[in-house]
Amino acid sequence: MLIVNLTEEIQKDHNTPLYQKFQQYEFSGCNFFLEILPVGAIMDDKNYHILYMNKVFQSMFGFEFTQLINHEDWLSPLIPDEVYRKEIKKVLESSTRPIEVKISNRLGKEKIVEWNSHHIQGSDKRIHFIKDITDQKRNEEDRLKEKKLESLSLLTGGIAHDYNNILFGIMGNLDVFENENLSEEGKKAVKYIRMAAD
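First, a word on what this report is: a plain description of the structure on this page. (Residues numbered from 1 in each chain as written. Predicted model: local features only at pLDDT ≥ 70, side-chain atom pairs only at ≥ 80, totals over all residues. Heavy atoms only, no water.)

Some details on the packing of aromatic side chains
Formally: Ring pairs are drawn from Phe, Tyr and Trp, using the six-membered ring of Trp, whenever the two centres fall within 6.5 Å, and their geometry is named by plane angle: stacked under 30 degrees, edge-to-face over 60, tilted for the rest. Strands are runs of DSSP state E lasting at least two residues, helices are runs of H or I lasting at least four, and both sets are numbered from the N terminus onward. Note on classification: 1.4 Å probe, protein chains only; a residue is buried when its accessible area is under 20% of the maximum for its type, exposed when over 50%, partly exposed between these limits.
Enumeration over the complete set of coordinates arrives at three aromatic pairs. Seen from their ring centres, F57 and W74 are 6.4 Å apart, and the 80° between their planes marks the pair as edge-to-face. One end of the pair, F57, is in helix α3 (residues 55–61); the other, W74, is in the loop between α4 (65–69) and α5 (82–94), and 17 residues separate them in sequence. A residue is classified by how much of its surface remains accessible, and F57, at 0% relative accessible area, is buried.

Written out as structure tokens, the structure reads:
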């Protein structure tokens, strides 16, 4: 309880050196937490000025902090299409749920990520958690293709089975006709039908 009260007292006066120290500690503690995460993490302000990115994000997308901090909007290298970027920003600012986003790495290769953004209470900062799900999506697409092929093979197998059942009936009737006294034209017709069925 004493620590909570002391923290509240420190945060009351933003001009004191103690408050400045508190802010540094709070930010560095957050950095430590973000560095140990298994997903990409970025901290920015409401104007999309990047404040921090963890090493997972750097290795995932090939961008270094200095490459993104120089951009007015750090999303522009990741989402080059301006229209798509504006739509994503709208969703990020209003949604609390993870969304799927297509972004580009430093080499321009497209990746599919699960993007989750959280506003830090009492500040204009946000933390974005970004998980690369490209392989997962490709696996899902491959499984879907396999299921489609399997369904197609079942359908064609069913059609072939039905066709064979019809042919079996025709062949059985041809055997009956061959035992009948047929004219020459009838015998020729039975012969041609049998050839077509084989």
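Further notes follow.
A look at the pairing of strand β3 (residues 99–104)
Cut-off, in case you're wondering: Pairs of strands are assigned from DSSP output, requiring at least two bridges between the strands.
Direction of pairing for β3 relative to strand β4 (residues 110–119): antiparallel, over a ladder of six bridges. Considered in β4, the bridge of K102 is made with I112. In this antiparallel pair of consecutive strands, β3 and β4, the connection spans five residues, and G108 shows a positive phi of 90°.

A short note on the pattern of salt bridges
A side chain of one charge can pair with a side chain of the opposite charge if their charged atoms are brought near each other. Our working definition: Definition used for salt bridges: Asp or Glu carboxyl oxygen within 4 Å of a side-chain nitrogen of Lys or Arg.
Enumeration over the complete set of coordinates arrives at seven salt bridges. For D44, the salt bridge is made with R126, and the minimal N-O distance between the two is 3.1 Å. Residue D44 is located in strand β1 (residues 40–45), and its partner R126 is located in strand β5 (residues 125–132); the two are separated by 82 residues in the primary sequence. Overall, R126 belongs to the buried group, its relative accessible area being 3%. Salt-bridge contacts for K86 lead to E82; the nearest nitrogen and oxygen are separated by 3.5 Å. Here K86 and its partner E82 are both found in helix α5, four residues apart, which amounts to about one turn of the helix.

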